[in-house]
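Given next are the chains, with one letter for each unit.
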Amino acid sequence: MRWTRTYIPTLKEAPADAEVISHQLLIRAGMIRRLSSGIYSYLPLGLRAISKVGDIVREEMNRAGSSELLMPAVQPGELWRESGRWEHYGKELLRFKDRHERDCCLGPTHEEVITDLLRGEVRSYRQLPISLYQIQTKFRDEIRPRFGLMRGREFIMKDAYTFDKDDAGADASYWTMYEAYRRIFRRLALRFRAVEADSGSIGGSFSHEFMVLANTGEDVIVACTACEYAANIERAEVGAPASTDRQEPPALEEVATPGTHSVAEVAAFLGIAAEQVLKTILLVADDKPCAVLLRGDHELNEIKVKNHLGADAVRLASEAEVVAWTGAPVGFAGPVGLARADVAIIADHALSARQGWVAGANKADGHVRNLSLTRDANVREYADLRSIRPGEPCPRCGGVVETMRGIEVGHVFKLGLKYSKSMNAVFLDEQGRERHMVMGCYGVGVSRVVAACIEQNHDERGIVFPPPIAPYELILANLDLKNEAVNAKAEELYLYLAGLGLDVLLDDRDERPGVKFKDADLIGAPMQLVLGAKGFARGIVEASDRRSGQKCELPLDGFAEAFAAWQKEVYSGWGMEL
């Protein structure tokens, strides 16, 4: 492609509302333009990058035995009522009525549609397994869309669905997709981790997220330094203590602690460590009261609490509820003597490791010490309810875990019977019995991958695209448009490189060299070639590796061999082989 024949409206400055680097660079590089909040037009460069990601995804889905289809973006509300998600999905589901006053929504995902499709087609176990996917535009009405393509309302996604006759088949389908995802992100030359994850609003029995590693990532990942275990912070397991303390402390004693509301204030007032304080966090789980007990220096993990209780929603108790349940102001709650008797008390595993806690006395300006949970409190059960911390043991191998940040770009779920039961998607097994299909679903944020790639790969000059994602793998800048000999050689090189199957952008604009150099760096092509009158006179073309910044000269006489060797070196820097 010639620069003068395409549309690449680069900008020197990013708009003021572009907060993260990928948003800034996508705008500046002329790849996207904002239409309204969270909704963008994909300009030629942006669409080329997205299409390249989509092509790799499509190839690996086909290789995994999945067949492509395309489902409608507009979905009938009655299907969502069948699955139970019409009321529970939340305001991210854009609901509307058509001219016949029928409820509809713009699809944020397609579990209901694909289940409806298959339940009308599949009759026998002989038709299973089935694996189908699509690459399509989705819409989720985010309350605060931000960060450009990272969290928009409209986006391009690959969603796949598998249907099996039993759990063993569903497990095999799941791990086939898991391996396909690993191949996808390796082929995209991205640094990533597959992490154990919570299934969220999609549902299902287990899932993994695929995270592109980047310091700007919204998600915290816990990863072992000795094995391949990784999980997001909501899912990362904390094992129970190796031993428990069963020695009873002295009798429970109330102490005055005026004006001490926080763990730090109580610890300082009593001259003890924060880990000796027990904090009581009052919650409402599906309208039922609950008290979670944690060590003072540990953090509550609400997702773990929600999953442990099997609740649809968990929230912190309001100030009025705290007062009503404890008889005391906020900051003095404890597990002994709660004013409301039906508060279920659950404790984190770590609390079984010792006795003799300091806790709130359910009285203003008062705490108790020498608290024994086995003697003084009515603890219903112990469970993993907190977030793991860096340096703690790996739940798999006992090694040390560390935290890093990541951007979710893919998610695989084993759904089980969640949708097939609610929507009655059944088949006849070998004995002629009616059974529900076992489902899985698998998503890749195709447009989000491009933004995540930029978050991971950029410098002060612009984007540094890996070759598989780059809109153009190579930019050839002609610096002397008025020199016929230079023009002829530039044209010859352009046609030769394009003939190799490379995506080549010939910068044939009538611009100063500095403008061309800056734009080439901004849009992030992995390979840059520069031909001017001086180089032509010397019989060379200047070559630059965008990732490393290393420059060299390639001879015009014998260019083919020299270019092939240089290209191999550039690709090897990305861990890729030609």
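Enquirer: Would you explain the overall build of the chain in this entry?
Expert: When helices and strands are counted, the chain shows 15 helices and 31 strands. When the backbone C-alpha atoms are referred to their principal axes, the chain occupies close to 95 × 65 × 50 Å. Put simply, the chain has 578 residues, and 53% of those count as buried. Within the chain, contacts between residues separated by at least 24 positions form 69% of all contacts whose residues are at least 6 apart in sequence. Just so you have it, the chain exposes about 25800 Å², and 49% of that area is on carbon and sulfur atoms.

Enquirer: Before we go on, may I ask you to explain the sheet that holds strand β19 (residues 366-371) in this structure?
Expert: Within a sheet, adjacent strands bond to each other through the backbone by hydrogen bonds, running parallel or antiparallel. The strand order β13-β19-β18 describes an open sheet built from 3 strands, whose pairing is antiparallel. Since the sheet does not close on itself, it has two edges, and those belong to β13 (253-256) and β18 (357-360), each with one partner. Averaged over all pairs of adjacent strands, the angle between strand axes in this sheet comes to 30°, irrespective of strand direction. Alignment of β18 against β19, held across 3 bridges, turns out to be antiparallel. Along β19, the bridge assignment pairs Ala359 with Val368.

Enquirer: Please clarify how the nonpolar core should be interpreted in this entry.
Expert: Judged by nonpolar contacts, the single largest core of 62 residues is most densely connected at Met61, Tyr181, Phe185, Leu188, Val449, Phe465 and Ile469. Ile469 has contacts with Ala49, Lys52, Val53, Leu188, Leu190, Val449 and Cys453, leaving out every residue within four places of it along the chain. In this structure, Leu493, Leu497, Leu502 and Ala562 belong to the second largest nonpolar core, which totals 27 residues.

Enquirer: Quick question: what am I supposed to make of the environment of Arg512 here?
Expert: Relative to the assigned elements, Arg512 resides in the loop between β28 (504-507) and α13 (513-523). Look at Arg512 and you get exposed, because its relative accessible area is 58%. A sequence separation of 32 residues divides Arg512 from Asp480, and the C-alpha atoms of the two residues are 9.6 Å apart.

Enquirer: Could you clarify how one ought to interpret the state of the cysteines in this entry?
Expert: Enumeration over the complete set of coordinates arrives at 0 disulfides. With no disulfide of its own, Cys104 lies 7.5 Å from the sulfur of Cys105, the closest cysteine sulfur. Using a relative accessible area of 8% as the deciding quantity, one classes Cys104 as buried.

Enquirer: Explanation requested: the sheet that holds strand β29 (residues 527-531) in the structure shown.
Expert: In spatial order, the strands read β28-β27-β29-β30-β31; together these 5 strands make up an open sheet with mixed pairing. This sheet does not close on itself; its edge strands, each paired only once, are β28 and β31 (551-555). The sheet shows a mean angle of 25° between the axes of neighbouring strands, taken without regard to direction. As judged from the 4 bridges shared by β29 and strand β30 (residues 540-545), these two strands associate in the antiparallel manner. Bridge pairing in β30 places Val530 opposite Glu542. Contacting β27 (474-478), β29, β30 and β31, helix α15 (residues 559-573) crosses the sheet at an angle of about 145° to β29.

Enquirer: Mind showing me how you'd approach the pairing of strand β21 (residues 401-416) here?
Expert: Side-chain positions along a regular strand alternate between the two faces of the sheet. Taking burial as the measure, the 16 residues of β21 include 12 buried ones, the bulk of the element. In terms of strand pairing, strand β10 (residues 206-213) meets β21 through 8 bridges, oriented antiparallel. Bridged to Glu209 within β21 is His411. As judged from the 6 bridges shared by strand β11 (residues 219-224) and β21, these two strands associate in the antiparallel manner. Within the sheet, the bridge partner assigned to Ile221 lies in β21 and is Met404. Here 6 bridges tie β21 to strand β24 (residues 438-445), and the two strands are oriented antiparallel to one another. Across the sheet, His411 pairs through a bridge with Gly443, a residue of β24.

Enquirer: Looking at this structure, I do not really get unusual backbone geometry. What am I missing?
Expert: A negative phi angle is the norm for most residues apart from glycine, just as the trans form is the norm for most peptide bonds. Here Leu128 and Pro129 are connected by a cis peptide whose omega angle stands at 5°. Tracing the backbone shows Pro129 in the loop between α5 (111-119) and β7 (130-139). Its identity as a non-glycine residue notwithstanding, Asp286 has a phi of 50°, on the positive side. The topology assignment puts Asp286 in the loop between β14 (278-285) and β15 (288-295). Asp286 gets classed as partly exposed once you look at its relative accessible area, which sits at 34%. Positive phi outside glycine occurs at Asp365, with the angle close to 60°. For Asp365, the location among the structural elements is in the loop between β18 and β19. For Asp365, a relative accessible area of 35% gives the class partly exposed.

Reading the values: the criteria
- Residues numbered from 1 in each chain as written.
- Predicted model: local features only at pLDDT ≥ 70, side-chain atom pairs only at ≥ 80, totals over all residues.
- Heavy atoms only, no water.
- Helix = DSSP H or I, 4+ residues; strand = E, 2+ residues; numbered from the N terminus.
- Buried < 20%, exposed > 50% of the residue type's maximum accessible area, 1.4 Å probe, protein only.
- Contact = heavy atoms within 4.5 Å.
- Areas by Shrake-Rupley, 256 points an atom, 1.4 Å probe, with all protein chains shown as cover.
- Pairing = 2+ DSSP bridges.
- Axes fitted to C-alpha atoms, helices over the stretch in contact; angles between N-to-C directions.
- Core = buried A, V, L, I, M, F, W, Y, C linked by side-chain atoms within 4.5 Å.
- Disulfide = S-S within 2.5 Å.

Fair warning: the whole summary comes from geometry, so function is off the table for now.
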